[in-house]
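Architecture and fold: a report
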Amino acid sequence: MTLEYKKIFQKWALGLAWFYLLLWPLMGITPDGLSFAPSLKVWATVAAGTAFFLFIWILKQQGRLDFFSRPAISLGRSVGKAVGALPNKLLAVAAIAALCLPPLFAGRYVLDVSINVMIYVCLGLGLNIVVGLCGLLDLGYIAFYGVGAYTYALLSINYAVPFWLCLPVAAGMAAIAGCIIGYPTLRMRGDYLAIVTLGFGEIVRLILNNWMELTNGPNGILGINAPGVWWPNWADGFTLEHIWLKKLPYLYYVILGLALFTILAVHRLNYSRIGRAWEAIREDETAAELMGVNTFRLKLLAYAMGAVFGGLAGAFFAARMRFVSPNSFLFIESAMVLSMVVLGGMASIPGIILGTLALIALPEFFRDFEQYRMLAFGGAMTIMMLFRPKGLWPAKRLGQRSEESQ
Amino acid sequence: MTPPPILELRDVRSAYGRIEALKGISLAVNPGEIVTIIGANGAGKSTTLMTICGVVPPTAGEVRYDGEVISGRNPDLLPPRGLCQVPEGRRIFPRLTVEENLNMGAFFRKDQDQIARDMEHAFTLFPVLKERRRQRGGTLSGGEQQMLAIARALMSKPRLLLLDEPSLGLAPLIVKRIFEIVKQINQQDGVTILLVEQNANLALQLATRGYVMETGQVVLEDSAANLLKNPEIRKAYLGE
Ligand SMILES: Nc1ncnc2c1ncn2[C@@H]1O[C@H](COP(=O)(O)OP(=O)(O)OP(=O)(O)O)[C@@H](O)[C@H]1O
Ligand SMILES: [Mg+2]
């Protein structure tokens, strides 16, 4: 064994020792006294698992797996090339078609998780405009989600306004909220803005919580209408029948549409002149100003645009749960959305989708671990950030272009 | 009969918080000139340029550009009117590509065809940028970044270009090359130039007139040739 591998094994052993030190207090200290067996069991499993992967990795480093990995890699490359050669439009159509399939065979649980993922995709992409493109740290983003949700909830309860009409209204209300918070604060830079947005998020939640007459306070609002559509009925001649899209498969299609709309809109914004100006502001605000960018107006626009997608997602959330309460809009949600953006890769649309999948689907995966769920979750996130500090799928603009030209 | 100055500062003061950085600056730049401001570190040269552009708001006095008072206006209104600055330390957009950086210089312009032609012109001035057009700005060398910063400002089709220490941290050969290009921009494209420099020798050789600044004030104003001959200047700024 060479020195190099010795070092790696030392690190591995050190890591395992450290892991046990963390693990034991969590699992070993119980109300009935101290115990070692359960924590040792988990620890041994992890140790064996990592040892196995380390072993494979070393074999690969030494070139002993070439007989297998070489053909596999070249196969992967040629598949990648073949896919890359297809026109983007065709790929998009294929992807959308594939996304339309799950409701036909998937169960409640899968649909439920998928809908959640798509809601957060909308939120992540919206926040990405503010954080990823414009470089403004926003810790209260979930407030716009709340504004959108309550806008639809109140309109539906009090005036029975249909969902589809409320969508633009919710987006508009969220944009107005974005401007109200943005106007006095966007002259600040960096950390100050983060604190103020944090405060704003809490203010919105407290208003929702305490304005009893309007929002029914912490009890929330019940009985919100699901989205409805007029569906042609051919049974006796031709009539239009109104149906409520209460069932999960229908809701799946509604949020799929919203998510696709968000992806398309954010993509267009990203590559527009305005998107580039946002990135310039992120890179160097003063320099952008010297180039003739009205930084204040563009930052306000970023804020409002981000809020719009939050508001749309919020309206859908209210229609889907048919119940809203301030408890859905806690700070932890803002932190969650922000983590998706950072984990997936700032300013990268596929990255954020991947980040959302990871953060929504992973905890589902870890459900068996019950109370250690957050531990496993945190560990997984730390490891991902260690190995992919720029995010799971970094934005092309942020790195790959120089390599492309070579 | 001299034409009215394109840029004029009258007793301009500005401050960072309570600390006054400019204590009454008056200067004028005539169309077609290259004017230089020299002075020690912290004299307020960069502050002067930032005050002209409105990034640092003046507390007193007035800045006139093209016969109009521009002090107190938003900085973003100036490039469309033909006043652009290459700030100290280049300040290119590191994660945007060279091409995108150049496009940012033309941000306020709508004439796509002319923008494309201007970009070609920038590439003939700085051929190295053409090779690197898809590379991120932050991965360029210091000299290339300075060229990018100048080219980016040129994309706004300025009539008056403010240059802040283009020689900062560059090897003598590159500095020479950049100064040649500045001269070319002035003579061929007819851009008036206000140049802030630490390298007083080079700056005074290039310029027609010069101002010497000390602790927020203009202490001397003369033709570049006279300043070069002035024994006190030679002692203080030319290291003799
Ligand atoms: N952002 C700022 N905040 C507070 N003080 C500043 C700021 N920028 C500059 N100053 C102060 O203003 C004075 C003038 O600075 P300025 O940058 O204009 O000097 P300069 O002549 O450009 O110097 P150099 O040749 O080193 O670039 C200095 O005393 C500096 O400390
Ligand atoms: Mg300076």
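Overview of the structure. (Residues numbered from 1 in each chain as written. Chains lettered and ligands numbered in written order. Predicted model: local features only at pLDDT ≥ 70, side-chain atom pairs only at ≥ 80, totals over all residues. Heavy atoms only, no water.)

Residues and elements named next belong to chain B. Across the sheet, which stays open at both edges, the 4 strands sit in the order β2-β1-β4-β5 with antiparallel pairing between neighbours. Every other strand in the sheet has two partners, leaving β2 (19-29) and β5 (68-69) as the edge strands with one partner each. Relative to strand β4 (residues 58-65), strand β1 (residues 7-16) runs antiparallel, the two sharing 6 bridges. Looking at β4, one finds that Leu 9 is bridged to Val 63. Across the sheet, helix α1 (residues 45-53) lies against β1, β2 and β4, angled at about 110 degrees from β1, the strand it touches most. (Pairing = 2+ DSSP bridges. Helix = DSSP H or I, 4+ residues; strand = E, 2+ residues; numbered from the N terminus. Contact = heavy atoms within 4.5 Å. Axes fitted to C-alpha atoms, helices over the stretch in contact; angles between N-to-C directions.)

The subject of this paragraph is the interface of chain B and chain A. Facing 27 residues of chain B, the contacting portion of chain A comprises 24 residues. Contact between chain B and chain A buries roughly 2,500 Å² in total, counting both sides, with carbon and sulfur atoms accounting for 62%. Contact with chain A buries area across many residues of chain B, yet Asp 76, Arg 95 and Phe 107 of chain B alone supply 26% of it, more than any other trio. Where chain B meets chain A, there are 3 residue pairs in polar contact (both at pLDDT 80 or more). Looking at the side of chain B that touches chain A element by element, the count peaks at 4 residues for helix α2 (residues 98-105) of chain B. Within the side of chain B that touches chain A, the residues separate by chemical class into 13 nonpolar, 6 polar and 8 charged. (Buried area = accessible area lost by both parts, 1.4 Å probe. Polar contact = N/O pair within 3.5 Å; in protein donor to acceptor, adjacent residues only side chain to side chain. Nonpolar A, V, L, I, M, F, W, Y, C, P; charged D, E, K, R; others polar.)

All names here are of chain B. Around ligand 1, 13 residues are found, and the nearest of them are Asn 41, Lys 45, Ser 46, Thr 47 and Gln 198. Take Tyr 16: an N or O atom from its side chain is 3.4 Å from a nitrogen atom of ligand 1. At 2.6 Å from an oxygen atom of ligand 1 is found a side-chain nitrogen or oxygen belonging to Ser 46. For ligand 1, whose accessible area on its own is 630 Å², the fraction buried by protein is 59%. When residues of the shell around ligand 1 are assigned to their parent elements, the largest contribution, 3 residues, is made by α1. (Near = heavy atom within 4 Å. Areas by Shrake-Rupley, 256 points an atom, 1.4 Å probe, with all protein chains shown as cover.)

This next bit is on the pairing of β2 of chain B. Residue and element names in this part refer to chain B. In the sheet, β1 pairs with β2 via 8 bridges, with the strands oriented antiparallel. Bridging from a neighbouring strand, Tyr 16 pairs with Ile 19 of β2. Adjacent in sequence and paired antiparallel, β1 and β2 are bridged by 2 residues, among which Gly 17 carries a positive phi angle near 65 degrees.

We now examine the pattern of salt bridges. Within the structure shown, the criterion is met by 23 salt bridges over all chains. The shortest N-O distance in the salt bridge between Glu 279 of chain A and Arg 282 of chain A comes to 3.3 Å. Placement of the pair is Glu 279 of chain A and Arg 282 of chain A together in helix α12 (residues 273-283), with a separation of 3 residues, close to one helical turn. Arg 282 of chain A carries the same exposure label as Glu 279 of chain A, and that label is buried. A salt bridge links Arg 13 of chain B to Glu 20 of chain B, with the shortest nitrogen-to-oxygen separation between them at 3.5 Å. Residue classification places Arg 13 of chain B among the partly exposed residues on the basis of a relative accessible area of 29%. The class for Glu 20 of chain B is partly exposed, based on a relative accessible area of 33%. (Salt bridge = Lys/Arg side-chain N within 4 Å of Asp/Glu carboxyl O. Buried < 20%, exposed > 50% of the residue type's maximum accessible area, 1.4 Å probe, protein only.)

Function-wise, these values are silent; they only describe arrangement.
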